[in-house]
Amino acid sequence: MNSIDLTLSREDIVRLCERVEGAQRRAYAIPKLTDEYPQMTIADGYAVQSELRRRYLAQGHKLVGWKAGLTSRAKMRQMGVDVPSIGFLTDRMACPENSEVSIATLVHPRVECEVAFVIAKDLKGPGCKAQDVLAATDYILPALEIIDSRFSDFKFDLPSVIADNGSSARFVGGGRARYVDELDLRTLGAVLEKNGEIVALGASAAVMGHPAEAIAMLVNILAELGETLPAGSFVMSGGITEAIAVQPGDCVIARFQELGSVSIRFTE
Ligand code: OOG
Ligand code: MG
């Protein structure tokens, strides 16, 4: 990120990072960060997110991958923003297929279905293209992301949501892994069911025309942060449909054409 766009001091970055970390760990809502720092930029948001990543890794969490967010029209419209973003994923966020997630550990949990990539060869920006991503992909699998915006009343803006690591909270991979050349990644249908009823549906082209475009964008943002995407990374390309709120007792299943299904259950 261009350091020219940074308006926060190192002290501000650490303060905001501690505020976000507290909200994530103890599951309470905080005001959007721009209430206090109205001039905050996207670069400031990533500075807070990078500090958060540094702190979690220092506490022993492992970086397992990344996610692209706000990559579909449905998500942009729902959240009122028009620029995609990225966030990091750690081992502590991973949930086994069909396991239980306690709602008490989250603030505003919502679920979305995504196409995930497992990367076989290191990828590096700038200038990364969708073809580069496809050539470096080991396999594709379906995923559910449980996002959790920590901001009061869901009020937020792009710098705040980036600082909050793109609302990352939990993710579930599952279904049937497939090689890229077995699929047409633009036309995969996905249906999200909650308690047996269809609550959202879409096709993978909703994600920037092709989900590999979202991964290329992510690699190029990583380059701006001075990072690369290493082989072995698990990467989510962004919600295909809008995110759906969940409550204790809900069971959610994402059913994908060609990729099988992934499910998760919510308890108190
Ligand atoms: C931001 C997270 C966006 C996606 O897939 O678009 C995201 C939010 O909606 O709180 O994960
Ligand atoms: Mg997502």
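Residues numbered from 1 in each chain as written. Chains lettered and ligands numbered in written order. Predicted model: local features only at pLDDT ≥ 70, side-chain atom pairs only at ≥ 80, totals over all residues. Heavy atoms only, no water.

Trainee: Tell me what's going on with the sheet that holds strand E8 (residues 197–203), and back it up with residues and numbers.
Mentor: Strands sit in the order E3-E12-E11-E7-E8 across an open sheet of 5 strands; the sheet is mixed. For this open sheet the edge positions go to strand E3 (100–102) and E8, each flanked by a neighbour on one side alone. The mean angle between the axes of side-by-side strands here comes to 20°, regardless of whether they run parallel or antiparallel. Bridge analysis of strand E7 (residues 189–194) against E8 gives 6 bridges, and the strand direction is antiparallel. Within E8, the residue paired with Lys194 across the bridge is Glu197. (Pairing = 2+ DSSP bridges. Helix = DSSP H or I, 4+ residues; strand = E, 2+ residues; numbered from the N terminus. Axes fitted to C-alpha atoms, helices over the stretch in contact; angles between N-to-C directions.)

Trainee: Lay out the pattern of salt bridges with the relevant residues and their values.
Mentor: For the coordinates displayed, the defined rule picks out 19 salt bridges. The partner of Glu145 in a salt bridge is Lys67, and the shortest N-O contact between them spans 2.9 Å. Separated by 78 residues along the polypeptide, Glu145 in strand E5 (residues 137–148) and Lys67 in strand E1 (residues 63–69) bring together distant segments of the chain. With respect to class, Glu145 is no different from Lys67; both count as buried. Residue Asp250 pairs with Lys194 through a salt bridge whose shortest N-O separation is 3.9 Å. (Salt bridge = Lys/Arg side-chain N within 4 Å of Asp/Glu carboxyl O. Buried < 20%, exposed > 50% of the residue type's maximum accessible area, 1.4 Å probe, protein only.)

Trainee: An account of helix H1 (residues 10–26) is needed here, citing residue identities and associated values.
Mentor: The end-to-end C-alpha distance of H1, which contains 17 residues, comes to 24 Å, matching closely the 24 Å that a straight helix rising 1.5 Å per residue would cover. Among the structural elements, helix H2 (42–58) and helix H5 (158–163) are those in contact with the buried residues of H1. Ala27 lies just past H1 and shows a positive phi near 55°. (Expected span 1.5 Å × (residues − 1). Contact = heavy atoms within 4.5 Å.)

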